[in-house]
Amino acid sequence: MQNKMFSRYRRSFLISIDLLVIVFSFFGAFLLRFDFTLPGDYSSFYLVWLPIFIVLKLSIFYFFGLYKVLWRFTSIWELLKIVKAVTFGSVTIILCLWFSSGFDGFPRSILLLDYMLTIFATSLSRISVRIYFTHFYNRPLLSEESSKKKLLLIGAGRTGAKIAREIIDTPASPYSIAGFIDDDLSKKNALLHGYQVLGTVADLESIRVKFDEILITAPTASGEQIRRIVKFCKLSG
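On a predicted model such as this, the values are computed, not experimentally measured, just so you know.

So what exactly am I meant to see when it comes to the overall build of the chain here?
Looking only at helices and strands, the chain has eight helices and five strands in total. Starting at the N terminus and ending at the C terminus, the chain contains elements arranged as α-α-α-α-α-α-β-α-β-β-β-β-α. Expressed as a percentage of contacts within the chain between residues at least 6 apart in sequence, the contacts between residues at least 24 apart total 72%. Carbon and sulfur atoms make up 63% of the accessible area of the chain, which amounts to about 14500 Å² in all.

In structure tokens:
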């Protein structure tokens, strides 16, 4: 029921979040500029220009398609789109100020601070939603998590990363990640999606991490390499 209501009002909800971001970013810019005080002389600037900032930025965000994106799948491309939208919005506001008053009495540093705060807060809102859906939403209880089969992924490349991400993003998956194996020594002990590259294929016998199944995620591996992997898998039991 809650999911249906959220889907129905999703765009309104997302716009409301950005509205708050715009308000607090603009206010925060004034606070930072004037050492966390808002002089009476400048309160009129804030009140007059705040509605203009809201209308322009929300319109530009909408034009850039920020409300068509599913925030739970936010990626670097969405964050770059945010930077482009905020930059375009700030340039538009600068032009409006220039043609209306020529920055007469308006601290220009406010615009730079507002620009940085808006990018930070807007990006943070998207990332927070993604973290919620990937790490908290519909997460199984500890008892359910322990009953899942622990999967050891052979290959810490692009394919292995995609498979691991799919398992992480699917709470109902019967698998959990035990770790990665990769013959690239430069990847040893590195983390991929929060899981360690435990060693090479030859280290399978000595790996102390418990796992139930092994999945080969190396699509470019030759037949000889696959046979070698299978050999070490059998030796590991």
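Is there a simple way to think about the packing of aromatic side chains in this case?
Think of a pair of aromatic rings as described by two things: how far the centres are apart, and how the planes are tilted against each other in angle. The final tally for this structure, using the stated rule, is 10 aromatic pairs. Between Phe63 and Phe64 the ring centres are 5.8 Å apart and the planes differ by 80 degrees, which places this aromatic pair in the edge-to-face class. Exposure remark for Phe63: the relative accessible area of 67% places this residue in the exposed category. In this structure Phe64 comes out as partly exposed when scored by relative accessible area, which is 23%. Ring geometry for Phe64 versus Phe88: centroids 5.7 Å apart, planes at 55 degrees, classification tilted. With a gap of 24 residues between them, Phe64 in the loop between α3 (40-63) and α4 (76-100) and Phe88 in helix α4 connect regions that are remote in the sequence. You can call Phe88 partly exposed: its relative accessible area is 44%.

Would you explain the packing of α3 against α4 in this entry?
Each pair of packed helices can be summarised by the angle the axes make with each other and by the distance between the axes. Contact pair α3 / α4: the axes reach a minimum separation of 9 Å and the direction vectors enclose 140 degrees. On the basis of the axis angle, α3 is oblique to α4. In the crossing of α3 with α4, the sense of the turn from one axis to the other is right-handed. Contact residues: α3 offers Trp49, Phe53, Leu56, Lys57, Ile60 and Phe61, while α4 offers Ala85, Val86, Phe88, Gly89, Thr92, Ile93, Cys96, Leu97 and Ser100. Considering only residue class, the contact of α3 with α4 consists of 11 nonpolar, three polar and one charged.

Can you walk me through the nonpolar core in this structure?
Inside soluble globular proteins, nonpolar side chains tend to come together where they are buried. Phe26, Phe53, Phe106 and Ile110 are the most contacted members of the largest nonpolar core, which has 27 residues in total. Breaking this core down by element, the ones donating at least two residues are α2 (10-33), α3, α4 and α5 (108-135). Ranked by the residues each element gives to this core, the list is headed by α3, at seven residues. Every residue in contact with Phe26, bar those within four places of it in the chain, is listed here: Tyr46, Trp49, Leu50, Phe53, Phe106, Ile110 and Asp114.

How do you make sense of unusual backbone geometry when you look at a structure like this?
In most cases, non-glycine residues show a negative phi, while peptide bonds are predominantly trans. The phi dihedral of Asp35 is positive, around 55 degrees, even though this residue is not glycine. With respect to the helices and strands, the residue Asp35 is situated in the loop between α2 and α3.

Explain the pairing of strand β2 (residues 175-181) to me, please; I cannot follow it from the model alone.
Side-chain positions along a regular strand alternate between the two faces of the sheet. Burial analysis of β2 places six of its seven residues in the buried class, which makes it a mostly covered element. The pairing of strand β1 (residues 149-154) with β2 spans six bridges and is classified as parallel. Residue pairing for β2: Lys149 is matched across the bridge by Tyr175. This β-α-β element, β1 to helix α7 (residues 158-168) to β2, shows right-handed connectivity.

Help me out: how do you make sense of the sheet that holds strand β3 (residues 191-192) in this one?
Note on sheets: strands pair through backbone hydrogen bonds, and any given pair is parallel or antiparallel. With mixed pairing, the five strands of this open sheet are ordered in space as β3-β4-β2-β1-β5. Unpaired on one side and paired on the other, β3 and β5 (213-216) mark the two borders of the sheet.

Sorry if this is basic, but what is going on with a nonpolar patch on the surface here?
On the surface, a cluster of nonpolar side chains totalling about 470 Å² of accessible area is made up of Val91, Leu95, Trp98 and Phe99. Turning to its location among the elements, Val91 is positioned in helix α4.

Any chance you could explain the side chain of Thr200 here in plain terms?
Tracing the chain through its elements places Thr200 in the loop between β4 (195-199) and β5. Apart from the residues lying within four places of it in its own chain, the contact partners of Thr200 are Ile181, Asp182, Asp183 and Leu185.

Help me out: how do you make sense of the packing of α2 against α3 in this one?
Close contact between α2 and α3 brings their axes to 10 Å; oriented N to C, the two are set at 145 degrees. Considering how the two elements wind past one another, α2 and α3 form a crossing that is right-handed. Within the contact between the two elements, α2 uses Arg11, Ile15, Asp18, Leu19, Ile22, Val23, Phe26, Phe27 and Phe30 and α3 uses Tyr42, Phe45, Tyr46, Trp49, Leu50, Phe53, Ile54, Lys57, Leu58, Phe61 and Tyr62. Residues belonging to the contact of α2 with α3 are distributed by class as follows: 17 nonpolar, no polar and three charged.

Looking at this structure, I do not really get α2. What am I missing?
Here α2 spans 35 Å end to end across 24 residues, near enough to the 34 Å set by a 1.5 Å rise per residue. Of the residues making up α2, those classed as buried are Arg10, Leu14, Asp18, Val21, Ile22, Val23, Ser25, Phe26, Gly28, Ala29, Phe30 and Leu31. Directly after α2, the chain includes Asp35, whose backbone phi takes a positive value near 55 degrees.

Definitions and limits used
- Within each chain, residue numbers correspond to sequence positions counted from 1 in written order.
- Only residues with pLDDT of at least 70 are given local features in this predicted model, and only at 80 or more are side-chain atom pairs given and counted; all residues enter the totals for whole chains, interfaces and linings.
- To obtain the side-chain values, all non-hydrogen atoms of the structure were included, while hydrogens and water were left out.
- Numbered from the N terminus, helices here are DSSP runs of H or I no shorter than four residues, and strands are runs of E no shorter than two.
- Any pair of residues with heavy atoms lying within 4.5 Å of one another is described as a contacting pair.
- The Shrake-Rupley method, run with a 1.4 Å probe sphere, supplies the accessible areas, and residue values consider only the shown protein chains as cover.
- Note on aromatic contacts: the rings of Phe and Tyr and the six-membered ring of Trp form a pair at centre separations within 6.5 Å, being stacked when their planes are under 30 degrees apart, edge-to-face when over 60 apart, and tilted otherwise.
- For each residue, the accessible area found with a 1.4 Å probe, counting protein chains only, is set against the maximum for its type, and the residue is called buried under 20%, exposed over 50%, and partly exposed in between.
- The axes used here are C-alpha line fits, helices contributing only the stretch in contact, and every angle between their N-to-C directions lies in the interval 0 to 180 degrees.
- Geometric relationships in this document are graded by angle, where less than 35 degrees denotes roughly parallel, more than 145 denotes roughly antiparallel, 65 to 115 denotes roughly perpendicular, and other angles denote oblique.
- If you view the pair so one helix is near and one far, a crossing is left-handed when the near helix is turned anticlockwise from the far one by less than a right angle, and right-handed when it is turned clockwise.
- All amino acids are sorted into three groups, where Ala, Val, Leu, Ile, Met, Phe, Trp, Tyr, Cys and Pro are nonpolar, Asp, Glu, Lys and Arg are charged, and the leftover types, Gly among them, are polar.
- For our purposes a nonpolar core is just a set of buried Ala, Val, Leu, Ile, Met, Phe, Trp, Tyr and Cys residues, chained together by side-chain atoms within 4.5 Å.
- Here, strands pair whenever DSSP counts at least two bridges between them.
- Whether a crossover is right-handed comes down to one check: with the strands pointing away from the viewer, does the path from the first strand over the helix to the second run clockwise; if it does, it is right-handed.
- Nonpolar side chains (Val, Leu, Ile, Met, Phe, Trp, Tyr) within 5 Å and like charges within 9 Å form the patches, drawn only from residues with over 30% relative accessible area and no salt bridge.
- Here, a salt bridge means any side-chain nitrogen of Lys or Arg that lies within 4 Å of a carboxyl oxygen of Asp or Glu.
- Here the expected span of a helix is defined as 1.5 Å times the quantity of residues minus one.

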